[in-house]
Amino acid sequence: MNMHNLYHHPILSLFIMIFMSMFGNQTLKNQDLVISFIEARNNYDVEKVNTLIHDHYYELFMDGSKEIESKEQLMDRILWGKELDSHISLLDISVNKDTIITIEENTNFLDVALQRKPRKFKITYSFLNGKIKN
């Protein structure tokens, strides 16, 4: 059977459709989670953020040190961000296996007052049980 005929094989076609629907939908679901997470943070909606993240949520720097150690600490940072008028802009979003990678730009009123350029970050989101793990 040549390669052209493989795509017309009914069982293989069914397998490809099932595979794409299972993993394609999960990828879209994860992207939607990340977008909702960023929107909720920008709106300082800690209740919404709480529904999007895993109970054991944390954030790491690339060197492995923890930036945010718990869900509770994240909520405190979001509320502090409200005081600073912090804002996240999503510049790019892509998929790498079971993670979502974003390029985000962060600003707050201190940046504006000091005429600093927004800070850009490359962030890798991981998921567990349909929620953002870290």
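Not measured: the values here are computed from a predicted model.

This brings us to the confidence of the model for the chain. Looking at the chain, pLDDT values average 85 and 81% of them are 70 or higher. Contacts from residues 1–7, a stretch scored under 50 in pLDDT, to residues over four places away or in other chains number 4 contacts.

What follows covers the side chain of Asp111. The topology assignment puts Asp111 in helix H5 (residues 109–113). At a separation of 3.0 Å, a polar atom in the side chain of Asp111 contacts the main-chain amide nitrogen of Asn108. Non-local contacts of Asp111, meaning those with residues more than four positions away in its chain, are made with Asn106, Arg116 and Arg119.

Okay, the pairing of strand E3 (residues 87–96) next. Looking at chain direction, E3 and strand E4 (residues 99–107) are connected through 9 bridges and run antiparallel. Of the residues in E4, the one forming a bridge with His87 is Thr107. In textbook terms, the turn of a hairpin is the stretch between consecutive antiparallel strands, and for E3 and E4 this stretch comprises 2 residues, one of which, Lys97, has a positive phi near 60°.

Further remarks concern the environment of Asp45. By the element assignment, Asp45 lies in the loop between helix H2 (10–42) and helix H3 (46–52). Since its relative accessible area comes to 33%, Asp45 is described here as partly exposed. Separated by 37 residues in the primary sequence, Asp45 and Lys82 place their C-alpha atoms 9.8 Å from one another.

About the thresholds
Residues numbered from 1 in each chain as written. Predicted model: local features only at pLDDT ≥ 70, side-chain atom pairs only at ≥ 80, totals over all residues. Heavy atoms only, no water. pLDDT = per-residue confidence, 0-100. Contact = heavy atoms within 4.5 Å. Helix = DSSP H or I, 4+ residues; strand = E, 2+ residues; numbered from the N terminus. Polar contact = N/O pair within 3.5 Å; in protein donor to acceptor, adjacent residues only side chain to side chain. Pairing = 2+ DSSP bridges. Buried < 20%, exposed > 50% of the residue type's maximum accessible area, 1.4 Å probe, protein only.

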